[in-house]
Number of protein chains: 2
Amino acid sequence: MKIQVVENVLKANDAVAEANRRRLRQANLLALNLMSAPGSGKTALLQETIPMLGPENPCAVLVGDLQTTRDAERLRDIADQTIQINTVTGCHLSAPQVAEALKGLDIEQLAYLFIENVGNMVCPATFDLGEHVKVVLLSVPEGDDKVAKYYTLFQQAHAVLLSKVDLLDVLDFDLDRVRSDLAKLNTRAPFIQISAKTGQGMAEWIAWLREQRATIGRDFR
Amino acid sequence: MKIQVVENVLKANDAVAEANRRRLRQANLLALNLMSAPGSGKTALLQETIPMLGPENPCAVLVGDLQTTRDAERLRDIADQTIQINTVTGCHLSAPQVAEALKGLDIEQLAYLFIENVGNMVCPATFDLGEHVKVVLLSVPEGDDKVAKYYTLFQQAHAVLLSKVDLLDVLDFDLDRVRSDLAKLNTRAPFIQISAKTGQGMAEWIAWLREQRATIGRDFR
């Protein structure tokens, strides 16, 4: 009974996700689903990324949070368009929430749509939003054991960003352990070390974004 | 339909939680539900806490994780008894999982039972496990905006631990913001600043634990 309902919820979500994806593809923009634990630096990453993409690449951000509009406020002056989705008790964004939010965006004008999911390494992993690519952040302070623990999330990633690498000097963190855990479950995703604070790795991340954007016409999933 | 099922799941969980609580109370131990984001330092805290409680206070740990037995391995030589619960895709521990795990413990011999929940600030907040007290950790690198964002979790806490305070010097973190957000929603929980690395705040935390343990006979919930 319980399992049946969960399956139905996932099926209904996936149908809406496919419709979202078609709509975003027609608009010729790249849609990214950013997922991580709370406080891994998703918003800080976007604050640095969007100016680097330049005014010729208009960006919108959909921000998912249980409560508050703090992340949207941080991005309001940086992104061309920003919408906050409050999930209240929901532990992830869903495709219908994204579909609803898309109504409020002028997507024909956009080059990139960043969907900042609820800070959570579990639930967002099973809900397709209709994005083109999934980006997973892991921050250095969270520890080097997280890839193996949350493998469903890392397995699906099109890119894995190790954030806050400026803290590698002050924290015990075994980079080789993360690389080795990742190699076992995902050989496609580049592993990019970044610091929104120092700018380290940002050029590599931006180059990856531009490359993904250029493949939009092709079926790269 | 969906809501009905969710309500039934919660009701079934709560009934088992009450049975767990009765059982734990009879055994005269203090059961704590530790909740936080991934990588806030729940396991590191227990690695330091259990030796400080001394051999006269036998401790057991139930560790919840999607995958791996890494946390249980870290605690195996420190706790008197350790059980790893792998939730696979489950984003929180449930009362039936705890009930099942209790069968594997000799609870009459214990002074403390630490239940280390799945690293997640959303789902664990709505599932009573039958614990006596809820302890919520927030680590400095996660940022000073998390209390307002995840208020359901912080509202229920009997104690809030700010962990990794040794990083306050190298990170931007507004302590007053956290204190002020917390004061709006929870006036009961002490706010204890700790570092498992430097030992800061550990004496205050241990004193709080001993005090809670001493009140077991009384109805302090």
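Counted under the stated rule, the structure contains 26 salt bridges over all chains. The partner of Glu100 of chain A in a salt bridge is Lys103 of chain A, and the shortest N-O contact between them spans 3.1 Å. Comparing Glu100 of chain A with Lys103 of chain A, the two get one shared label, exposed. Residues participating in the shared-partner salt-bridge network are Asp65, Asp71 and Arg74 of chain A together with Asp145, Lys146 and Lys149 of chain B.

We now examine the relation of the copies chain B and chain A. In screw terms, the move from chain B to chain A is a rotation of 180 degrees and a rise of 0.0 Å along the axis, fitting with an RMSD of 0.0 Å. The symmetry that links the two subunits is that of a two-fold axis. The share of interface residues of chain B whose copies in chain A are also at the interface is 97%, consistent with both copies meeting through the same surface.

Let us look at the confidence of the model for chain A. In the predicted model, chain A carries a mean pLDDT of 93, and 95% of its residues have values of at least 70. Of the two predicted TM-score estimates for the complex, the pTM is 0.92 and the ipTM is 0.88.

A few words now on the pairing of strand E5 (residues 133–139) of chain A. Residues and elements named next belong to chain A. Within E5, seven of the seven residues are buried, which leaves the element mostly enclosed by the surrounding structure. Residues Val133, Val135, Leu137 and Ser139 line one face of E5 and the alternating positions Lys134, Val136 and Leu138 line the opposite face, and both faces are buried. In this structure, strand E1 (residues 30–35) lies alongside E5, joined through four bridges in parallel fashion. Note that in E5 the partner of Asn33 across the bridge is Lys134. The sheet contact formed by E5 and strand E6 (residues 159–163) spans five bridges and is parallel. For Val136, the partnering residue across the bridge sits in E6 and is Val160.

Residues and elements named next belong to chain A. One non-glycine residue, Asn28, lies in positive phi territory at about 65 degrees. One non-glycine residue with positive phi stands out, namely Lys164, at about 60 degrees. Its place among the elements puts Lys164 in the loop between E6 and helix H7 (175–185).

Here we come to the packing of aromatic side chains. Inspection of the entire model under this criterion finds four aromatic pairs over all chains. Consider the rings of Tyr112 of chain A and Phe114 of chain A, whose centres lie 6.0 Å apart with planes at 10 degrees: the pair is stacked. Judged by relative accessible area, which is 1%, Tyr112 of chain A ranks as buried. Measuring from ring centre to ring centre gives 5.9 Å for Trp205 of chain B and Trp208 of chain B, while their planes differ by 15 degrees; the resulting arrangement is stacked. On the criterion of helical spacing, the pair formed by Trp205 of chain B and Trp208 of chain B is a turn pair, its members being three residues apart in helix H8 (residues 202–214). For the residue pair Trp205 of chain B and Trp208 of chain B, the accessibility class agrees, reading buried in each case. A cation over an aromatic ring shows up here: Arg213 of chain A above the ring of Tyr112 of chain A, its NZ or CZ 5.9 Å from the ring centre.

On to the sheet that holds strand E6 (residues 159–163) of chain B, then. As a general point, the strands of a sheet are linked pairwise by backbone hydrogen bonds and lie either parallel or antiparallel. Residues and elements named next belong to chain B. Strand order in the open sheet formed by seven strands is E3-E2-E4-E1-E5-E6-E7, with parallel pairing between adjacent strands. Every other strand in the sheet has two partners, leaving strand E3 (81–86) and strand E7 (191–193) as the edge strands with one partner each. Direction aside, neighbouring strands of the sheet carry axes that sit 20 degrees apart on average. Strands strand E1 (30–35), strand E4 (112–116), strand E5 (133–139), E6 and E7 of the sheet are contacted by H8, whose axis makes an angle of about 135 degrees with E1.

To continue, consider the interface of chain B and chain A. Listed by partner, the interface residues are 39 residues for chain B and 38 residues for chain A. Carbon and sulfur atoms supply 60% of the area that chain B and chain A bury against each other, a total of about 3,100 Å² over both sides. For chain B, the biggest contributors to the area lost against chain A are Pro38, Arg70 and Lys149 of chain B; these three give 21% of the whole. A salt bridge links Arg70 of chain B to Asp181 of chain A, with the shortest nitrogen-to-oxygen separation between them at 3.2 Å. Seen at the junction of chain B and chain A, the total is ten residue pairs in polar contact (both at pLDDT 80 or more). Of all the secondary structure elements, the ones that give two or more residues to the side of chain B that touches chain A are helix H1 (2–26), helix H3 (70–75), helix H5 (146–149) and helix H7 (175–185) of chain B.

Take helix H4 (residues 95–102) of chain A next. Among all positions in H4 of chain A, only Ala95, Val98, Ala101 and Leu102 of chain A are buried. Looking straight down H4 of chain A, one finds its buried side chains confined to an arc of 120 degrees; they lie on one side.

Turning our eyes to something else, we now look at the environment of Asp176 of chain A. Residues and elements named next belong to chain A. Tracing the chain through its elements places Asp176 in helix H7. On the accessibility criterion, Asp176 (53% relative accessible area) is exposed. Separated by 32 residues in sequence, Asp176 and Asp144 have C-alpha atoms that sit 8.9 Å apart.

The rules behind the values
- Residues numbered from 1 in each chain as written.
- Chains lettered and ligands numbered in written order.
- Predicted model: local features only at pLDDT ≥ 70, side-chain atom pairs only at ≥ 80, totals over all residues.
- Heavy atoms only, no water.
- Salt bridge = Lys/Arg side-chain N within 4 Å of Asp/Glu carboxyl O.
- Buried < 20%, exposed > 50% of the residue type's maximum accessible area, 1.4 Å probe, protein only.
- Least-squares fit on C-alpha atoms with pLDDT ≥ 70 in both.
- Contact = heavy atoms within 4.5 Å.
- pLDDT = per-residue confidence, 0-100.
- Helix = DSSP H or I, 4+ residues; strand = E, 2+ residues; numbered from the N terminus.
- Pairing = 2+ DSSP bridges.
- Phe/Tyr/Trp six-rings, centres within 6.5 Å; stacked < 30°, edge-to-face > 60°.
- Lys NZ or Arg CZ within 6 Å of the ring centre and 35° of its normal.
- Axes fitted to C-alpha atoms, helices over the stretch in contact; angles between N-to-C directions.
- Buried area = accessible area lost by both parts, 1.4 Å probe.
- Polar contact = N/O pair within 3.5 Å; in protein donor to acceptor, adjacent residues only side chain to side chain.
- Arc of directions from axis to C-beta.

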